[in-house]
Amino acid sequence: MVLTGNEPSPLAGLRVVDLSTTFMGPYCAAILAQWGADVIKAEAPEGDVLRYVGDAKVPGMGPIFLNANRGKRSIAIDLKDGAARDVFARLVESADVLVHNLRPRAAARLGLTPERMLALNGRLVYCAFRGFGSGGPYENRPAYDDVIQGASGMAAVQGVNGERPAYWRSAAADKTMGIFGAAAVLAAVHGRTVTGRGRAIEVPMFESMASFMLLEQQGGWIFDPPSGPTGYPRTESPYRKPFRTRDGYLAVMVYTDEQWRSFFAAIGEPALADDPRYRTIGTRTVHIDDLYSLMDDHLTRRTTAEWQEVFERADIASSKVNAIQDLFDDEHLVATGFFESVDHPSAGRLRMARSPVDMGDRATAATRHPPCLGEHTVEVARELGYDDAAIADLVGRGALVAMKPAQRVAEPAQAADRAEEGHAPVQ
C-alpha cells in the first residue's frame, strides 16, 4: 500500500515520559519522538547535564543535547519535593511509557520503583536503563560508555595483534543502548495490546553490549567445549582500514567470489581468482591479511575517483572517507533531504538530521524543536488538570520550574551538585 502522506505518524497518541539524562535514555526517547510519540522530558530544575556540554550559543542548549532531545517537551520538576512527586504521579498515570536511567537505589529513594509506578498505571511500560543487570554482583556499580566498552570486550577488539585496547571514538555503547531501548519499549507496547497490561523492562548496558560483541566475535567459543579461538579474522586484520589512494582514502569491501574476481582482474592479476587460498569465502577469511595487504599496495596506484569507477562497474561497495563536516554537503544526503533546518526560539537556526527510517510518507520527522528547560512546564501541568493558581503555587515553592525559551538556565556546576540526588545517569 502506498501511503498518501496524510496518515498519522506511527506512534501518534503514545505518551512517553523521559526521566533520563545524558545519552542512551534521551536517544531512545528521541527515536520514539521522531516516530510520532509525545515525549515529555522531565528534568531536574538544573536540567540534563548534557545541556552544558559543547559549544552552545546560549546557556543550556549544547549541541549534543539539541540532537538527543529534538521533538520533546520539557517540564522542570524537583522530585525531592512532595508536591512535585504528586505532579509526577499524575504524569505517570497519563503516560504509556516511562524511561529512566536512575540507579536502583536512587529510583527507590524517589519512589520510582517499577512496583509503585505500575500500581499507579497498570498499562505503563516501565523502561529502566541499567549499567549492569539485576541479580549479579555488579548490579549497583556505576557505569558509563567507556566502562562498558571495556567490560564488554569492545575496547579489547580494537587493539589487534596484542596492541593496547582502545575505545571507539564515539559514545558507541550509549547510542547502541538507545536503539536497544527503543526496540524493547515497542515490543512491550505491542505486548500490552495483547494482554492489556503494562510491564517493567530492564535494559542493561553490560549484557546488551556483550551480546552485541559476541555476534561475530564469539568464534570457536560458540561451542562447548570451545573448538577454537574467539574473534572474527576479517575484523582482526591490521590491514583492515581505509586504504590510501593516490590522492586520499577509500573505504572498500570486496566480499563475494565474483567481486574478488573483478578486483583481481582490475589489478592485472586475474589468476589469483583460482589460487586455492582465495577461491572461497572460507579460505579468503583465513588468508585475509594477504588480501588486504594486496589491496593496500594496489590502491595507492590510482586516485580515489578512478578506483570508485572501477568498483562501481564491478558492483563492489566503496566510498571516499568523509570527515564529519563532509556529510553536510554529501550529494546523496542532500538529494534525499537528510538534513533540515529548524528555527529554535533561543538557539537560532539549527541544521538537524531527520529520522533515517522512512515509514513510507516522511511523516516521521519530529516537528518540535529541542526544548528549553521548563519550556512546557505550565502546558503539561494544565494537561494534568492543574489550574493556573495551583501551577503558580507549585512554581512559587520550587516544586516546578517554568522558564521562557530565552531565559538563562543553571550553570553546569549546579547540575553536577544534584547528580547523585536522583537525576544522575545510572551508568
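Note that the coordinates shown come from a computational prediction; the quantities given were computed from them, not determined experimentally.

K.L.:
Would you take a moment to explain the sheet that holds strand β1 (residues 15–18) for this structure?
P.N.:
Within a sheet, each strand pairs with its neighbour through backbone hydrogen bonds, oriented either parallel or antiparallel. Read across the open sheet, the seven strands follow the order β6-β5-β4-β1-β2-β3-β12; overall the sheet is mixed. Whereas interior strands pair on both sides, the edge strands pair on one side only; in this sheet they are β6 (199–204) and β12 (400–401). Relative to strand β2 (residues 38–43), β1 runs parallel, the two being bridged by four bridges. Residue V16 lies in a different strand from β2, and its bridge partner there is V39. Relative to β1, helix α1 (residues 24–34) is tilted by about 160°, and along the sheet it contacts β1, β2, β3 (72–77), β4 (97–100) and β5 (125–130). Here helix α8 (residues 172–195) sits on the sheet in contact with β4, β5 and β6, set at roughly 160° to β6.

K.L.:
What's the story with the environment of Y27 in this structure? I'm lost.
P.N.:
Here Y27 lies in helix α1. Excluding residues within four positions of it along the chain, Y27 makes contact with A68, K175, G178 and I179.

K.L.:
It is not clear to me how the pattern of salt bridges should be interpreted in this structure. Could you clarify?
P.N.:
Once their charged atoms are close, side chains differing in charge can pair, the charge on each being opposite to the other. Counted according to the given criterion, the structure contains 21 salt bridges. K41 is paired through a salt bridge with D18; the nearest N and O atoms lie 3.9 Å apart. Here D18 lies in strand β1 and K41 lies in strand β2, a separation of 23 residues in the sequence. In this pair, the class of K41 matches that of D18, namely buried. The closest approach of N and O atoms between K41 and D48, which form a salt bridge, is 3.2 Å. Under the relative-accessibility criterion, D48 is labelled buried at 1%. Beyond isolated ion pairs, a larger network of salt bridges with shared partners links R15, D38, R73, R368, E379 and E383.

Criteria and cut-off values
- Residues numbered from 1 in each chain as written.
- Predicted model: local features only at pLDDT ≥ 70, side-chain atom pairs only at ≥ 80, totals over all residues.
- Heavy atoms only, no water.
- Pairing = 2+ DSSP bridges.
- Helix = DSSP H or I, 4+ residues; strand = E, 2+ residues; numbered from the N terminus.
- Contact = heavy atoms within 4.5 Å.
- Axes fitted to C-alpha atoms, helices over the stretch in contact; angles between N-to-C directions.
- Salt bridge = Lys/Arg side-chain N within 4 Å of Asp/Glu carboxyl O.
- Buried < 20%, exposed > 50% of the residue type's maximum accessible area, 1.4 Å probe, protein only.

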